[in-house]
Amino acid sequence: FLRSPRYFSHSILGGSKSFMILNADKTVIMNVSFNYKTVFDENVVLSDDTQLKPSDNLKFLGITVDERLSFSKHVDNLISSCNSRLYLLRQLKVIGMNSEGLKQFYVANIRSILSYASPAWFCMLSQTDKDQLERIQTIFLNNEFRRSPF
């Protein structure tokens, strides 16, 4: 959200004729800066003296972004989610699911998570984050399914 002006009305467009109202309980403010020395300590106060909560990252449409516009937290969330799904995949293999079923499970439940909105954030990842994402696919291809070609 914006750093200034310091005071905001509950209604973005002004007055009672507004179409959009801020919910102070759900609205957070995040200061974006590429300078690591820059620190914003001003609070944003609405017209009824309600303060917006500051946040160092936010989740928007399932994508986590931090104040430096880095997606490392998003990649951490993806890795955590995919690791739990890889465990389920291993359990399906143990109980005897065929290779085609395992491939379908991977594509539907793991690959789809890894590729969700990736054109928006993948090009901005560090090499470490890219390597972490590649590791998930490597685990699936090398360790779990050496026999089935994809």
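Our structure's up above, just so we're on the same page.
A short tour of the structure in this document, coming up. Since the structure is predicted, the reported quantities are computational estimates derived from the model, not experimental observations.

## Some remarks on helix α2 (residues 99–115)
The largest bend in α2 comes to about 35°, at Val107. Listing the buried residues of α2 in full gives Gly101, Leu102, Phe105, Tyr106, Ile110, Ile113 and Leu114. Just downstream of α2, Ala117 is the residue with a positive phi angle, here 55°.

## Regarding unusual backbone geometry
A positive phi is found at Leu61, a non-glycine position, where the angle reads about 55°. Turning to its location among the elements, Leu61 is positioned in the loop between β5 (57–60) and β6 (63–66). For Leu61, a relative accessible area of 62% translates into the label exposed. Of note, the phi angle at Ala117 is positive, near 55°, even though the residue is not glycine. Tracing the backbone through its elements, the reader meets Ala117 in the loop between α2 and α3 (118–121).

## Some words on the side chain of Ser118
Its place among the elements puts Ser118 in helix α3. A relative accessible area of 19% means that Ser118 is categorised as buried.

Cut-off values and rules
- Residues numbered from 1 in each chain as written.
- Predicted model: local features only at pLDDT ≥ 70, side-chain atom pairs only at ≥ 80, totals over all residues.
- Heavy atoms only, no water.
- Bend = angle between axes of the 7 residues up to and from the residue.
- Helix = DSSP H or I, 4+ residues; strand = E, 2+ residues; numbered from the N terminus.
- Buried < 20%, exposed > 50% of the residue type's maximum accessible area, 1.4 Å probe, protein only.

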